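What follows is each chain in one-letter form.
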Amino acid sequence: MSEQPSNELERLCMSLLEIPSVIGDERRIADFVENWVREKGFHAVTRAGDNLAIQPLPFREGVPRLLLLGHLDTVPVSDANPPRVAGDLIHGLGSSDMKGGDAVLLEILARALEEEPRYDLVGVLYAAEEGPYEGSGMPEIISAAPGAFQEVDLAVAMEPTDNQIELGCLGTMHAKVTFEGKRAHSARPWQGRNALHMAAPLMSAIAALEPRDIDHGGLRFREVLSVTMLDYEGARNVIPGKCSFNLNFRFGPDRSSEEAIDWLEKFVRDAVGPGLWDAGLVRFEVTDLCPSGRVCGDNPLLAELRKAAGDEVQTLAKQAWTDVGRLSQMGLDALNFGPGSPSQAHQVGEHLSRARLAASYAILARLLYPSD
């Protein structure tokens, strides 16, 4: 039997979890958040589609500004995992990634209505983060509420980090590599050209490729390349005439997006060999590209966040992609910090620690509110 949430923060987290918001279906949760902040009496709320920019108080002249961000969508349902509280855990799809972080964001902003924060605050909650870069709701809210992103001294993406401070982020690229063979009967393979066999050298090269460790901004990132999907035409007694692979390249913050594309295309070309490449039997197409994130290690508000977090919180590299990459492209200093656990993101039976949820709120409260 589910236990009852013990405080307002947990109750808000449970309310968010009880609203399904699989990517593409964020309308109800955006409605809930909009109604919640309007009932609280926030100074300004901008809604664009299923994306919101919320400002609890008017901005003050000369006061540093902190932007808190969270996404409202989840990955698709993979198991029966109803929202519930059990012991130290809050269960439910999106609990770690990242409705726990969204709840902390909202409660921290709402506190500003009762106690003036040390820094000016603005929050952004947006849709479609879990899909392709170009499909994200972030550009829509940037266009509708540009003031939420202007004169920001530090942006905090409330992504799951186990309450560690994670700087920068890897870039991520998806590329489709297609091999054009020739279909034939498997009893007479010499009459065809096996597309899967053509792809074997590339598969072997990727399997043999060691991760590249990168020391960047005083942190260690690890660059990796993986085959994540395979599609082919054929049947068990047919020589496949075509096959394609999805390559996912997680590239380091020392590479620009253009440099990452050039490196991956050259890697594929060298692996398949000039014969296939020059004959036009291999096609390389970038299908999604998210830029890497800058390490903002010298940001003054980062130093204050570290002080508020205490000695138990480490500063680490973000070994994944987040919208820190997008914010970096906009010229903003940004980092990742949130109560969710990276090990629980997108997992069957996803859950969130109640203790970490409370600790995340406490750290931001110490940063923002002198009474803490």
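Computed from a predicted model, the values in this text were never measured in an experiment.

1. Topic: the overall build of the chain
(1) Moving on: From N to C terminus, the chain includes ten helices and 18 strands.
(2) Moving on: Against the globule reference of 21 Å for 372 residues, the chain gives a C-alpha radius of gyration of 23 Å, in line with a compact fold.
(3) Moving on: With respect to the three principal axes, the spread of C-alpha positions in the chain is 80 × 45 × 40 Å.
(4) Moving on: Across the 372 residues of the chain, 52% fall into the buried class.
(5) Moving on: Across the chain, the fraction of contacts at a sequence separation of at least 24, relative to all contacts at a separation of at least 6, is 78%.
(6) Moving on: Of the roughly 16,300 Å² of accessible surface on the chain, 49% is carried by carbon and sulfur atoms.

2. A short note on helix H6 (residues 257–272)
(1) Moving on: Between its terminal C-alpha atoms H6 stretches 23 Å, which fits the 22 Å expected from 16 residues at 1.5 Å a residue.
(2) Moving on: Turning to H6, its buried residues are Ser 257, Ala 260, Leu 264, Phe 267, Val 268, Ala 271 and Val 272. All buried residues of H6 fall inside an arc of 115° around its axis, so they share one side. For H6, exposure combined with an orientation more than 90 degrees from the buried face picks out Glu 258 and Asp 262.
(3) Moving on: In this structure, the buried residues of H6 make contact with strand E9 (171–180), helix H5 (195–208), strand E12 (219–233), strand E14 (242–251), helix H7 (274–278) and strand E15 (282–290).

3. Considerations on the pattern of salt bridges
(1) Moving on: The final tally for this structure, using the stated rule, is 25 salt bridges.
(2) Moving on: A salt bridge links Arg 255 to Glu 223; its shortest N-O distance comes to 2.9 Å. Of the two residues, Arg 255 sits in the loop between E14 and H6 while Glu 223 sits in strand E12, which places them 32 residues apart along the sequence.
(3) Moving on: The class for Arg 255 is buried, based on a relative accessible area of 14%.
(4) Moving on: Put simply, Arg 27, Asp 31, Glu 34, Arg 38, Arg 47 and Asp 50 are held in one network by salt bridges that share partners.

4. Remarks on unusual backbone geometry
(1) Moving on: Across the junction of Asp 97 and Met 98, the peptide omega takes the value 0°, indicating a cis bond.
(2) Moving on: Unusually for a residue other than glycine, Glu 151 sits at a positive phi of about 55°.
(3) Moving on: Of note, Glu 151 is situated in the loop between helix H4 (138–144) and strand E7 (154–157).
(4) Moving on: Residue classification places Glu 151 among the exposed residues on the basis of a relative accessible area of 66%.
(5) Moving on: The phi torsion at His 346 lies on the positive side, around 65°, for a residue other than glycine.
(6) Moving on: Tracing the chain through its elements places His 346 in the loop between strand E17 (334–336) and strand E18 (351–353).

5. Details of the sheet that holds E17
(1) Moving on: Pairing is mixed across the open sheet formed by eight strands, whose spatial order is E1-E2-E6-E3-E7-E17-E8-E16. Two strands close off the open sheet at either side, each with one partner strand: strand E1 (44–48) and strand E16 (315–317). If you compare each strand with its neighbour and ignore which way they point, the axes differ by 25° on average.
(2) Moving on: Sheet topology places strand E2 (residues 51–55) next to strand E6 (residues 120–126); three bridges connect them, and they run antiparallel. Note that in E6 the partner of Leu 52 across the bridge is Leu 125.
(3) Moving on: With respect to the sheet, helix H8 (residues 300–309) is in contact with strand E3 (65–71), E7, strand E8 (165–167), E16 and E17, its orientation differing from that of E8 by roughly 155°.

6. Remarks on a nonpolar patch on the surface
(1) Moving on: Nonpolar side chains collect at one region of the surface, where Leu 196, Leu 230 and Tyr 232 lie side by side and expose about 280 Å² of accessible area between them.
(2) Moving on: Accessibility expressed as a relative area gives 46% for Tyr 232, which makes it partly exposed.

7. Focus: the sheet that holds strand E11 (residues 212–216)
(1) Moving on: Taken in spatial order, the five strands of this open sheet run E11-E12-E14-E9-E15, and their pairing is antiparallel. Unpaired on one side and paired on the other, E11 and E15 mark the two borders of the sheet. Sheet twist, expressed as the mean angle between neighbouring strand axes with direction ignored, is 20°.
(2) Moving on: In this sheet, E14 lies alongside E12 in antiparallel orientation, the contact comprising nine bridges. Directly across from Ser 226, in E14, lies its bridge partner Asn 248.
(3) Moving on: On the sheet, H5 packs against E9, E12 and E14 and is oriented at approximately 15° with respect to E14.
(4) Moving on: Docked against the sheet, H6 engages E9, E12, E14 and E15, running at close to 155° with respect to E15.

8. Some words on the packing of aromatic side chains
(1) Moving on: According to the stated counting rule, one finds six aromatic pairs in the structure shown.
(2) Moving on: Geometrically, the ring pair formed by Phe 249 and Phe 251 is tilted, given 5.8 Å between the ring centres and 45° between the ring planes. Summarising the burial analysis for this pair, Phe 249 and Phe 251 share the class buried.
(3) Moving on: Taken together, a centroid distance of 4.9 Å and an interplanar angle of 20° make the contact between Phe 249 and Trp 263 stacked. Residue Phe 249 is located in strand E14, and its partner Trp 263 is located in helix H6; the two are separated by 14 residues in the primary sequence.
(4) Moving on: The exposure class of Phe 249 is buried, given its relative accessible area of 1%.
(5) Moving on: A residue is classified by how much of its surface remains accessible, and Trp 263, at 26% relative accessible area, is partly exposed.
(6) Moving on: An aromatic cluster is built from Phe 249, Phe 251, Trp 263 and Phe 267, whose rings are joined through pairwise contacts.
(7) Moving on: Taking the ring centre of Trp 277 as reference, the NZ or CZ of Arg 269 above it sits at 5.9 Å.
(8) Moving on: A cation over a ring is seen here: Arg 326 above Tyr 133, with NZ or CZ 3.9 Å from the ring centre.

Basis of the calculations
Residues numbered from 1 in each chain as written. Predicted model: local features only at pLDDT ≥ 70, side-chain atom pairs only at ≥ 80, totals over all residues. Heavy atoms only, no water. Helix = DSSP H or I, 4+ residues; strand = E, 2+ residues; numbered from the N terminus. Rg over C-alpha atoms; globule rule 2.2 N^0.38 Å. Buried < 20%, exposed > 50% of the residue type's maximum accessible area, 1.4 Å probe, protein only. Contact = heavy atoms within 4.5 Å. Areas by Shrake-Rupley, 256 points an atom, 1.4 Å probe, with all protein chains shown as cover. Expected span 1.5 Å × (residues − 1). Arc of directions from axis to C-beta. Salt bridge = Lys/Arg side-chain N within 4 Å of Asp/Glu carboxyl O. Pairing = 2+ DSSP bridges. Axes fitted to C-alpha atoms, helices over the stretch in contact; angles between N-to-C directions. Patch = residues over 30% accessible without salt bridge, like charges linked within 9 Å, V, L, I, M, F, W, Y side chains within 5 Å. Phe/Tyr/Trp six-rings, centres within 6.5 Å; stacked < 30°, edge-to-face > 60°. Lys NZ or Arg CZ within 6 Å of the ring centre and 35° of its normal.

Shape descriptors only; they carry no functional weight alone.
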